[in-house]
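If you want the building blocks of each chain, they are given just below.
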Amino acid sequence: DNVKYGFSDLEPLRKKLQFMNKLIKIGSIIFFVLIGAAGLLLLVNFNLGSFMILLLFIVFPIMCVLVGKISPEVKKEYMTAYKETLVIPTLSQKFDHYTYSMDGKVTIDDIKNLGIWNTKQEPPLQAHTEDFLTGTYHGVYYEQTDAHIWYKARANSNETFTAFNGTISKFRFNKKISGRLLLSHGFFGDRCSDGGLPQIKTENMEFNKIFTIHSEDGHDAFYILTPHFMECLMKLYNTLPGFASNKTIVVIFENDTMTILRGGVRMFELSIAEKVDFFEAKKTISKEMQDMLDIVDILRIGTENKPQDTAENNIAGNREALNEEIQDNNDTPVAKFRLK
């Protein structure tokens, strides 16, 4: 109800932002060229050369401060216009009910409660979050935020290390899913903890190469990680940016909640390199969102379109689906587990 921008505002803002970025690059080149020229001028006229150098070191920092202040403001305005005219209308078509805020609402305590970092570490973890989305999809609560999580090398040091930078998605189902189950790929350093859970493997060798699996109850894990769901997770992994060596994805099941962390993914971001195509942009936003919401349709745990009366019925439903998968795959129990 409080939208300030229309789609026609995007292109002028994009060009303005491009101009600011070019100004920074060109200004830096001109500065070093003039410094070199002033150095040569010193050999001919020391006073004039000195004055020129002094003037450059006064004017250039002032210009940097002005451009450095204006450019982020223009970028924020551009992203706000993009989200008001494209992101929000697209989200309204995906969710039964939803809320969206460009500001972050997730706290460091929420991050710590995921249980994958040492909460007692010193110096402590710090976090910045933005683009906070909540909604219901087929009766399942969904929550999403972009997050940058870091910690200092030492208490009195300015040197920092990134623990995670990407998107965190959370699904809360109407039924209990299982005990704690953790699947991970990527480097989290010694700040990441599996909570001492036993490690297991599936009979799917490709899946085992991607994910390390820790489970409180291997029996529950067997019925959650059906062939369809494992295929879904592998596709999600393949959408991550970068090479296999630096991709990060973590999937956590606990009680009625599933949380997915995808490193390097920033939802609802927009490049300034090209003019925005309205229909292509909406298509991209819709696909990125649907890639996550498809998980609800695959798991079908406590959803409105497939209600379950109890957690036992839910497991039985998954067992039936798994039997169908086995029948379709030459009776091969793809999701079978064994201890590592």
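Shown above is the structure to which this text applies.
Residues numbered from 1 in each chain as written. Predicted model: local features only at pLDDT ≥ 70, side-chain atom pairs only at ≥ 80, totals over all residues. Heavy atoms only, no water.

Trainee: Mind showing me how you'd approach the packing of aromatic side chains here?
Mentor: Each aromatic ring pair is characterised by the separation of its centres together with the angle its planes make. Summed over the entire model, instances satisfying the criterion amount to 13 aromatic pairs. Arranged with centres 6.4 Å apart and planes meeting at 10 degrees, the rings of Phe-171 and Phe-173 form a pair that is stacked. Looking at Phe-171, the relative accessible area reads 0%, which means it is buried. What makes Phe-173 buried here is its relative accessible area of 2%. With 5.8 Å between their ring centres and 75 degrees between their planes, Phe-229 and Phe-253 make a pair best called edge-to-face. Of this pair, Phe-229 sits in helix H6 (residues 227–238) while Phe-253 sits in strand S8 (residues 249–255), placing them 24 residues apart in sequence. Each member of the pair, Phe-229 as well as Phe-253, carries the same accessibility label: buried. An aromatic cluster is built from Phe-31, Phe-32, Phe-57 and Phe-60, whose rings are joined through pairwise contacts. (Phe/Tyr/Trp six-rings, centres within 6.5 Å; stacked < 30°, edge-to-face > 60°. Buried < 20%, exposed > 50% of the residue type's maximum accessible area, 1.4 Å probe, protein only. Helix = DSSP H or I, 4+ residues; strand = E, 2+ residues; numbered from the N terminus.)

Trainee: How should the packing of H6 against helix H7 (residues 278–299) be read in this particular structure?
Mentor: Packed helices, taken two at a time, are described by their axes: the angle between them and the distance between them. Where H6 meets H7, the axes come as close as 10 Å, and the angle between the chain directions of the two elements is 170 degrees. In terms of axis orientation, H6 runs roughly antiparallel to H7. Residues His-228, Phe-229, Cys-232 and Leu-236 of H6 touch H7, and the partners they reach there are Asp-291, Met-292, Ile-295, Ile-298 and Leu-299. Looking at the contact of H6 with H7, its residues break down into 7 nonpolar, 1 polar and 1 charged. (Axes fitted to C-alpha atoms, helices over the stretch in contact; angles between N-to-C directions. Parallel < 35°, antiparallel > 145°, perpendicular 65-115°, else oblique. Contact = heavy atoms within 4.5 Å. Nonpolar A, V, L, I, M, F, W, Y, C, P; charged D, E, K, R; others polar.)

Trainee: Explain the packing of helix H1 (residues 10–44) against helix H2 (residues 46–92) to me, please; I cannot follow it from the model alone.
Mentor: Orientation of H1 relative to H2, taken along the N-to-C sense of each, is 170 degrees, at an axis distance of 9 Å. Judged by the inter-axis angle, H1 sits roughly antiparallel to H2. Once H1 is placed against H2, the crossing between them reads as left-handed. Residue composition of the contact of H1 with H2, grouped by class: 27 nonpolar, 7 polar and 4 charged. (Left-handed = near helix turned anticlockwise from the far one by under 90°.)

Trainee: I would appreciate a short explanation of H1 in the present structure.
Mentor: Residues that lie three or four places apart on an α-helix share one face, since the helix turns once every 3.6 residues. In this model, H1 (35 residues) spans 51 Å end to end at C-alpha, consistent with the 51 Å of a helix rising 1.5 Å per residue. Looking at H1, one finds that the buried residues are Leu-10, Glu-11, Leu-13, Arg-14, Leu-17, Met-20, Phe-31 and Ala-38. Among the structural elements, H2 are those in contact with the buried residues of H1. (Expected span 1.5 Å × (residues − 1).)

Trainee: Which parts of the structure should I look at to understand the side chain of His-185?
Mentor: Mapping His-185 onto the fold places it in strand S5 (residues 178–185). At 2.6 Å, the side chain of His-185 and the backbone oxygen of Ile-210 are in polar contact. (Polar contact = N/O pair within 3.5 Å; in protein donor to acceptor, adjacent residues only side chain to side chain.)

Remember that the coordinates give geometry; whether it matters functionally is a separate question.
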